[in-house]
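Chain by chain, the residues run as shown.
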Amino acid sequence: MSKIPRVASSPDRLPTAPCHPLKRKAIDDDNPIPAKLPALASGVSTTRILKTSTKSHVNGVRPASAAGTRGPPPLTKPRPPTLSGSTNGAPQRSSRAVSAPPSKRMTGTTGARGASSGRAGRVAVTGGARLGTVDDERYTEIQNQMTQMESARASDLAKVTSDMEAERAKVQELQAFHSQLSRQLADYKTLEIEQRRSLMNASDELDSLKKKHAREVMDLEMDRTKLQREVRELKEEIRVGVEDLVRERESLCILKTTISQQSTSQLSLQTQITALQATNTSLHASLAAATSQTGDLNLQLEQANTRIFELEREVREAETVRRKLHNTIQELKGNIRVFCRVRPPLPSDIASGDGDQDAAAIVANIDYPDKRDRREIVLSSSGESATGAERREVWNFSFDRVFEPISTQAEVFEEISQLAQSCVDGYHVCIFAYGQTGSGKSFTMEGGSTQQTAGMIPRAVDQVFSATEGLKSKGWQYKLEGQFLEIYNETINDLLGNGELDKKKHEIRHDKGSTRVTDVVIVPLESPSQVRSLLLRAQSRRTVAATLMNERSSRSHSVFTLRICGSNPLTQETSEGSLNLVDLAGSERLNSSGAGNDKDRLKETQNINRSLSALGDVIAALGNAPPGQGDKHIPYRNSKLTYLLQTSLSGNSKTLMVLNLSPLATHLSESLCSLRFATKVNNTTLGTAKKQTRVSP
């Protein structure tokens, strides 16, 4: 065998030596001594060299020459000692010999090595006997060291050889033991296969026995369950039979008792039958009398039904007469009327005045001379003329009704409630609040949060709902719808919409006496409380801004429209009315409102004044229009406000203007402008209002 593996269990295993083949070249066995030795330094200890060589052999590391390498690098060349003493006193020449033999006595020992190396030593030409003696000693010492090293290497080689023989013996023993174990393992595997085969056969037989036993147990269980069920059925039949027997015995006892009781009751029943026969005879007589009386009552009922039908017809006719008379009264009052309302001074008005002025100086001089009819209002102002003389100016105005600052919301609505009734009767009604900013228009139309301060819009809606409920007993059925619009900078905005304002373009369309606005939210109204919630929602979306006249000024016109559609199946009559409640924006001039300094406020004020001027032009044109000309020459289209209120401002409607005035002296000029405009409206006479009624064929 050329290569022997190391055994892990061997105690003599070398820890770091690599595995080498045991067969070496012939040169390693025949010539263990290296052919050439390197020169040694003069100061190197011979004992240290021997120890190092011996330690390498002990650890199993082969020398470099044995491993086939070039060997260690040569040592430092020794320097020869400096020789002194010359015969002629001149310095002697020193030379270095590298490999030359020192003397003739060493020729026999090292002649062969000198010949094999092929190197001829150089002999010093000069030198004395002292230098030759020193070289011989050094050479002898080196030769001894080499001899010791070779002997140590031979002993190490012998030891390694013996260790390798021991390892080979162990490997052979392990191989023999491994072969024996392999044979035993094969025998055991064969035996295990046979035992597994027997175990599987036994397991199959056991499984078949278990299945057979399980089937037998199941059959026995089924038989036992069947027998138990039969036993329970027999016991139940016995129990039922016993109960039936007991029940029959009890029934028999009860029947005997009942028979005895029936015998006693029979006698009493015969007595009762005799009494009932006598009662029956008397009832027959009473029935004959009641039949005769029923005939009389039926005759009276027919007469009463006829009377009720006649009364209902008279009530319907009276309702028609009432509507005509109500409309006649409203026409006598005028189809266009003007109310004037002066708001009371507010604490904020007094606080905003100069500290030197008292409350009387802040409030303008306003008198109400007509204490009975309350139709007149007088404004006066005193001052100095250019010459220094006292000048006093007085302005008298007369309207359909003048409300003093102490007037309540209920008193104002009492005069307006009849117009709400006209709306239910099928007429177009328009009520709009006019006046400068801060005069109380929004408070008059929308009111406050309490019931006492409720404005015209919620009160009119309550009046309409109350009127429609009262007419239900006369056969009328009504459907109410509401919408809330805003006209801001000649643009219509839907205050009840869900989107942002100015995002949709709304158009006004007139068709057969009715006005519709495209893409607006129309809410069916079921109760007055629903209208209040709509007012709160619209107020939060309306455009307001601060001016010199009012901290929160309405910069747009708001129009609340209530449509009332009624029908009477008994008379086949329908009616369509509308109620427009308008809160106009402030009518102050640019120099009074201070809007000229703000571009947006300037544009708002210009559009407001333009629309209010258009409203005055329409009213003036209506008053000057000749009879029978219709609305051909009325400038409704000059403003979105007048075009929206066309059906409510024409001669087929009833119009009420509520003029709101500020009591402050600083607002006197604006109040006079508003009073003059209201006087022009009050002097206008519209045509006769027409009821929007259709009679079904």
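Up top is the structure.
These remarks concern the structure in this document. If you're wondering where the values come from, they're calculated on a predicted model, not measured in any experiment. (Residues numbered from 1 in each chain as written. Predicted model: local features only at pLDDT ≥ 70, side-chain atom pairs only at ≥ 80, totals over all residues. Heavy atoms only, no water.)

With 49 residues, the main nonpolar core has I377, F399, F432, M657 and L659 as its most contacted residues. Top contributing element to this core by residue count: helix α12 (residues 599–624), with 7 residues. Setting aside residues no more than four positions away along its own chain, M657 makes contact with R337, V338, F339, F432, Y434, F677, A678 and V681. With 40 residues, the next largest nonpolar core counts V412, L471, W476 and L562 among its residues. (Core = buried A, V, L, I, M, F, W, Y, C linked by side-chain atoms within 4.5 Å. Buried < 20%, exposed > 50% of the residue type's maximum accessible area, 1.4 Å probe, protein only. Helix = DSSP H or I, 4+ residues; strand = E, 2+ residues; numbered from the N terminus. Contact = heavy atoms within 4.5 Å.)

To continue, consider the packing of helix α9 (residues 456–471) against helix α10 (residues 528–541). Taken N-terminus to C-terminus, the directions of α9 and α10 make an angle of 155°; their axes are 9 Å apart at the nearest point. Considering the angle they form, α9 stands roughly antiparallel to α10. Handedness of the α9/α10 crossing: right-handed. Contact with α9, carried on its side by I457, P458, V461, D462 and F465, involves P528, V531, R532 and L535 of α10 and no other residues of that element. Among the residues forming the contact of α9 with α10, the class breakdown is 7 nonpolar, no polar and 2 charged. (Axes fitted to C-alpha atoms, helices over the stretch in contact; angles between N-to-C directions. Parallel < 35°, antiparallel > 145°, perpendicular 65-115°, else oblique. Left-handed = near helix turned anticlockwise from the far one by under 90°. Nonpolar A, V, L, I, M, F, W, Y, C, P; charged D, E, K, R; others polar.)

On to the pairing of strand β7 (residues 477–488), then. Two faces, one strand: in a regular strand the side chains alternate between the faces of the sheet. Of all 12 residues in β7, 10 are buried; the element is thus mostly enclosed. Bridge analysis of β7 against strand β14 (residues 557–568) gives 11 bridges, and the strand direction is antiparallel. Residue Q477 lies in a different strand from β14, and its bridge partner there is S567. Strand direction decides the pairing type here: β7 and strand β11 (residues 523–524), joined by 2 bridges, are antiparallel. (Pairing = 2+ DSSP bridges.)

Attention shifts here to a nonpolar patch on the surface. Together, I238, V242 and V246 line one region of the surface with nonpolar side chains, adding up to about 260 Å² of accessible area. Relative to the assigned elements, V242 resides in helix α4 (residues 129–333). (Patch = residues over 30% accessible without salt bridge, like charges linked within 9 Å, V, L, I, M, F, W, Y side chains within 5 Å. Areas by Shrake-Rupley, 256 points an atom, 1.4 Å probe, with all protein chains shown as cover. Salt bridge = Lys/Arg side-chain N within 4 Å of Asp/Glu carboxyl O.)

With that settled, consider the environment of P528. Along the chain, the position of P528 falls in helix α10. For P528, a relative accessible area of 24% gives the class partly exposed. Separated by 69 residues in sequence, P528 and R459 place their C-alpha atoms 8.8 Å apart. Beyond its immediate chain neighbours, meaning those up to four positions away, P528 contacts V461, D462 and F465.

With that settled, the discussion passes to the side chain of S558. Here S558 shows up in strand β14. Here S558 falls in the buried class, since its relative accessible area comes to 2%. If we skip the residues at most four places from it in the chain, S558 touches E446, F484, L485, E486, R542, L581, V582 and D583.

This part covers the state of the cysteines. Here, the word disulfide means a covalent bond between the sulfur atoms of two cysteines. In total, this model carries 0 disulfides according to the counting rule given. C423 carries a free sulfur, and the closest cysteine sulfur to it, the one in C565, is 9.9 Å from it. What makes C423 buried here is its relative accessible area of 1%. (Disulfide = S-S within 2.5 Å.)

Within the chain, E490 stands out as a residue other than glycine whose phi angle is a positive 60°. Structurally, the position occupied by E490 is in the loop between β7 and β8 (491–494). On the basis of relative accessible area, E490 is assigned to the partly exposed category, the value being 23%. We note that D519 has phi near 55°; this positive angle belongs to a residue other than glycine. Checked against the element boundaries, D519 lands in the loop between β10 (514–517) and β11.

So, on to the packing of aromatic side chains. Throughout the structure, instances matching the rule amount to 4 aromatic pairs. Ring geometry for W476 and Y478: centres 5.8 Å apart, planes at 20°, overall stacked. Using a relative accessible area of 5% as the deciding quantity, one classes W476 as buried. Its relative accessible area of 16% is what places Y478 among the buried residues. The ring of Y427 is capped by K654, whose NZ or CZ atom sits 4.9 Å from the centre of that ring. (Phe/Tyr/Trp six-rings, centres within 6.5 Å; stacked < 30°, edge-to-face > 60°. Lys NZ or Arg CZ within 6 Å of the ring centre and 35° of its normal.)

On to the sheet that holds strand β2 (residues 365–367), then. In spatial order, the strands read β2-β3-β4; together these 3 strands make up an open sheet with antiparallel pairing. Each edge of the open sheet is held by one strand with a lone partner, namely β2 and β4 (390–398). Between one strand and the next, the sheet's axes are offset by a mean angle of 20°, whatever the strand orientation. Bridge analysis of β2 against strand β3 (residues 376–384) gives 3 bridges, and the strand direction is antiparallel. Its bridge partner being in β3, N365 is matched across the sheet by S380. Along the sheet face, helix α15 (residues 668–682) touches β3 and β4 and points at about 35° away from the line of β4.

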